[in-house]
Each structure stands twice: as C-alpha cells, then as structure tokens.
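Summary of the model geometry
Residues per chain, in single letters:
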Amino acid sequence: MKRVKYTIANWKMNGGKDSIKLVKLLARHIKKTGHIKSKVIICPPYTLLSDFIRLEKKMIYGAQDCHYQDKGAYTGSISAQMIKSIGCKYVIIGHSERREYQKESSNELRLKIQAAVNNNMRVIYCIGEKLSEIKNRMQVLKKQISTLNNNLDINNIIIAYEPIWAIGSGKTPKIIEINSIHKNIRTLLSKKFGVRKSNKISILYGGSVNSLNASDILKLEHVDGALVGGASLNYRDFSKIIDSYL
Ligand code: 13P
C-alpha cells in the first residue's frame, strides 16, 4: 500500500526573526532537487507562522498546537480556526511535551483533534511511551489511540510515534524494533477503523532522528516518514534527512 510520506520539522520553542532564511534555503533545496519523495512540513512557533506563509509560499506549514474552541475567553490560546484562516493546513496535537508540561488530558486532546478536523486541517497526532512503560508499550499506545473518535475522518489523521525516552536523547529503539512497533500500531488502527481505512494512515517515527540514522529508519517498510525536532533546526542536517528517502 502506497501511503503519503512526510518529513515534518517540529521547531518547538525555537526560531526568531532570521529563521525565514532557513525556510528559504529548504524551499530552494526541495525545488532544486526536484525528486523529493516526501511532503516536507515546517511547524514553527505561532509568532513566525504567518510571516513564513507570506514570505515563502512554496513551503507547507503546520502549527504545534491548537485550542478546541473556535474563539472565546481563553487567554493565551490560539484556535484551529485561527490557524486555518492564515492558510496553515496542519497541526501537531498531543505532543508528549504538551501532555506533560501543559497537562493535556485525553479528553482535551479528543476535543482539539475534532476542532482541527472540523476546520479541515490535518492532524499530526503524537503517541509514545515513557521509559518506564516500555514493557507495556502497546497497551500505552492503544490507550492513546483510543483518544481518536471511531467516526473521525481518518483522511485528516497522521500518526507520529515518538517514544518519549528517545526525544532529544540521542537514543532510538533498535531499527528493526521501530519497524515492528509501527506494524503493531497499524494493527491497532485496523482494529479501530478497519483495514481499508487504516491502511491510508501514514505512521511517522520521531525521537532523535538525525542525518546519520534517517536513511535506516526511513527505508523501513512500516515507517511513512519522520517528525524531527533538534535536527530540523539545522539546514545541513534537515536537508540530508529529506534526501534520505532517495
Ligand atoms: P528530537 O528530534 O529533538 O529528538 O525531537 C523529536 C520530537 O519531539 C519531534 O516532535
């Protein structure tokens, strides 16, 4: 089954007024190479998003979070509707850093996913186990997947499997293990949505992806791309990761 491949840059709380240079370099690289095998999406902080959309139209962008209400008295929050209105089509939801630091609950995540999909946005839904949960990994992932409503339009859903202990640590599961975990995630999705629908869902790997390990990870049968943190902030590293599909 041929699925859409994605290389997604999660800039987290990084980037400033000069960062458009990096975006332009990447856009030029993609155009010049002309044989990019994945959709490349940049998810910068909100403060940069509308400038980027205006200044480099060839790139695709995503936000790192959204609120579940369209508008209202929610100081400091930004809605899916607002993000969509500036021309941004993707949003990361459920990243482990937000689950931890913003104490985002499954219920809140369910509402956010619904709000994003209602606004016709594509959701990059993050799941992953803590170090202490490795033995119960599939139960943890099953529970996180259960946050997705059964009647959700899965055409708008991308799954990013990010083992929490692999994020920013330089560690990853063994390469063959990544493949089997992704295979098992697809089995969970098939049980929930049926085989035909679930086969369309791209499952990305995230957690210490870099220019050295990317080609081994991205050639795995059950891996449909990468969600990249630290290495996405560096032109050389990220462009190498983009080229690793070749
Ligand atoms: P690193 O690539 O820095 O490990 O971060 C992964 C991540 O959290 C992407 O969402």
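Preceding this section is the structure that the text describes.
In what follows, the accompanying structure is described. (Residues numbered from 1 in each chain as written. Predicted model: local features only at pLDDT ≥ 70, side-chain atom pairs only at ≥ 80, totals over all residues. Heavy atoms only, no water.)

Attention now moves to the overall build of the chain. The number of helices and strands found in the chain is 10 helices and 8 strands. Since a compact globule built from 246 residues should have a radius of gyration of about 18 Å, the 17 Å found for the chain is in line with a globular shape. By residue count, 51% of the 246 residues in the chain fall in the buried class. Look at the contacts in the chain between residues 6 or more apart in sequence, and 72% of them connect residues 24 or more apart. Working note: accessible area of the chain is about 12,300 Å², and carbon and sulfur atoms make up 51% of it. (Helix = DSSP H or I, 4+ residues; strand = E, 2+ residues; numbered from the N terminus. Rg over C-alpha atoms; globule rule 2.2 N^0.38 Å. Buried < 20%, exposed > 50% of the residue type's maximum accessible area, 1.4 Å probe, protein only. Contact = heavy atoms within 4.5 Å. Areas by Shrake-Rupley, 256 points an atom, 1.4 Å probe, with all protein chains shown as cover.)

Evaluation of the coordinates by the stated rule reveals 14 salt bridges. K12 is the salt-bridge partner of E97, the closest N and O atoms lying 2.8 Å from each other. Here E97, found in helix α4 (residues 96–101), pairs with K12, found in the loop between β1 (6–10) and α1 (20–33); they are 85 residues apart in sequence, far enough to count as distant. One salt bridge connects E56 with K58, and the closest N-O pair in it is separated by 3.7 Å. Residue E56 is classed as buried on the basis of its relative accessible area of 6%. What emerges from the salt-bridge pattern is a single network uniting D65, R98, E104, E108 and K112. (Salt bridge = Lys/Arg side-chain N within 4 Å of Asp/Glu carboxyl O.)

This brings us to the packing of helix α6 (residues 137–145) against helix α7 (residues 175–193). Following both chains from N to C, one finds α6 and α7 inclined at 40°, their axes separated by 10 Å at the closest point. In terms of axis orientation, α6 runs oblique to α7. Crossing hand, α6 versus α7: right-handed. Contact with α6, carried on its side by R137, M138, L141, K142 and I145, involves E177, I181, N184, I185, L188, L189 and K192 of α7 and no other residues of that element. Its residues placed into classes, the contact of α6 with α7 shows 7 nonpolar, 1 polar and 4 charged. (Axes fitted to C-alpha atoms, helices over the stretch in contact; angles between N-to-C directions. Parallel < 35°, antiparallel > 145°, perpendicular 65-115°, else oblique. Left-handed = near helix turned anticlockwise from the far one by under 90°. Nonpolar A, V, L, I, M, F, W, Y, C, P; charged D, E, K, R; others polar.)

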